[in-house]
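Summary of structural features
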Amino acid sequence: MEKALANKKIVLCASRKIEEMSALIVKQGGIPILRPAQGTTFLNEELEQHLHHIVHEQNDWFIFTTGIGVEALIKKAKEYGIEQLLLQSIRRAHVAVRGYKTMNVLRTYGITPCICADDGTTKGLIRALQEVDWKSKKVVVQLYGDSIPSLQQFLVKRGALYKEIWPYRHTPPTFDVMKQLTDDIISRAVQAVCFTSAIQVRFFFSFVREHGYVEQIKQAFAEDIVAVAVGKVTKEALQEEGINRVIAPAHERMGAMVIELAKYYSMM
């Protein structure tokens, strides 16, 4: 019996767990193609200064968007000798989170958010924040490598005093990698593209916009190429870029993403 991904070329845009995902694709009969679209993660050099400002100010709200970002912030605060001050500052404020992973991390520190997005997406978070009076409220938003313009616009428009904190940032991927990925898609040299973070989507579509390939890319995804997302946030990022057909697993796992893609092809 032929395997679901037999002879299909599957692009991986990830920069980590490459061997694990490649092995899963091969097991399903596919051919993994590596096109890391995330660039390099590096520590935000201004983080220590920002954290010191935050712990010595009275903030009304903290909004956390990723569990890994929460852990990174608290870890760095501990290195700077201000972990307890940060936790106290968070406990004094109202707390909102984008997903249950983030909520669970905070609970390990004795912090229970009062607002959580019902679906783990930015749209869901904004819906959950609609009833709050944001006028003149000091709001700290934790980001992790990727900006969230829609959340910023929502808060600023409603009068919030908005501040971002980034434990890490991402540099863009190389021109050569982005050009090769663009060519792969437009020429239909591959059958599917797997995105494992929203920042990969942002970087890729920033590149294709800058170089005038947007319509060709959208057409390829609409007609022939399958867009695959690791979870809801990445799927949402693709849909915001106009990619309507996106395959994503119910539970955000890289292995589940490959299995979901295999299931999609087996049903065709």
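For the structure, check the block above.
Please read these numbers as outputs of a predicted model, since none were measured by experiment. (Residues numbered from 1 in each chain as written. Predicted model: local features only at pLDDT ≥ 70, side-chain atom pairs only at ≥ 80, totals over all residues. Heavy atoms only, no water.)

1. Quick word on the environment of glutamine 216
Quick reminder of the rule: Helix and strand assignments follow DSSP, with helices taken as H or I runs no shorter than four residues and strands as E runs no shorter than two, numbered in order from the N terminus.
Structurally, glutamine 216 can be placed in helix 10 (residues 214-223). The sequence separation of glutamine 216 and leucine 238 amounts to 22 residues, and the corresponding C-alpha distance is 15 Å.

2. Structural notes on unusual backbone geometry
Our working definition: Relative accessibility thresholds used throughout: buried, under 20% of the residue-type maximum; exposed, over 50%; partly exposed, between the two (1.4 Å probe, protein chains only).
Positive phi, normally seen in glycine, also occurs at asparagine 7, with a value near 65 degrees. With respect to the helices, strands and loops of the structure, asparagine 7 is situated in the segment before strand 1 (9-12). For serine 136, which is not glycine, the phi dihedral falls at a positive 65 degrees. Inspection of the secondary structure assignment puts serine 136 in the loop between helix 6 (122-129) and strand 7 (138-142). A residue is classified by how much of its surface remains accessible, and serine 136, at 48% relative accessible area, is partly exposed.

3. So, helix 9 (residues 198-210)
This is how the line gets drawn: Expected span of a helix, by definition, is 1.5 Å for each gap between consecutive residues, and there is one gap fewer than residues. Any two residues whose heavy atoms approach within 4.5 Å at even a single point are treated as in contact.
With 13 residues, helix 9 should reach 18 Å at 1.5 Å per residue; the first-to-last C-alpha distance of 18 Å fits that figure. When helix 9 is considered as a whole, its buried residues turn out to be Ala198, Ile199, Gln200, Val201, Phe203, Phe204, Phe205, Phe207 and Val208. Of the surrounding secondary structure, the elements contacted by the buried residues of helix 9 are strand 9 (168-170), helix 8 (175-186), strand 10 (192-195), helix 10 and helix 11 (232-240). Looking one or two residues beyond helix 9, the residue adopting positive phi is glycine 212, at roughly 80 degrees.

4. Quick notes on the side chain of glutamine 142
Assignment of secondary structure puts glutamine 142 in strand 7. The exposure class of glutamine 142 is buried, given its relative accessible area of 0%. Residue contacts for glutamine 142: discarding those within four places in its chain leaves Ile63, Phe64, Thr65, Thr66, Gly69, Val70, Leu73 and Ile165.

5. Structural notes on the sheet that holds strand 5 (residues 94-97)
For clarity, the cut-off: Note on pairing: DSSP must find at least two bridges between two strands before they are called paired. Only C-alpha atoms enter the line fits that serve as axes; for helices the fit covers just the stretch in contact. Angles between N-to-C directions range over 0 to 180 degrees.
The strand order 6-5-4-7-8 describes an open sheet built from five strands, whose pairing is parallel. Each end of this open sheet is capped by a strand with a single partner; those strands are strand 6 (115-116) and strand 8 (161-165). Relative to strand 6, strand 5 runs parallel, the two being bridged by two bridges. Along strand 6, the bridge assignment pairs alanine 96 with isoleucine 115. Across the face of the sheet, helix 2 (residues 47-55) comes into contact with strand 4 (61-64), strand 7 and strand 8 while running at roughly 140 degrees to strand 8. Along the sheet, helix 3 (residues 67-79) contacts strand 4, strand 7 and strand 8; its crossing angle with strand 7, the most-contacted strand, is approximately 105 degrees.

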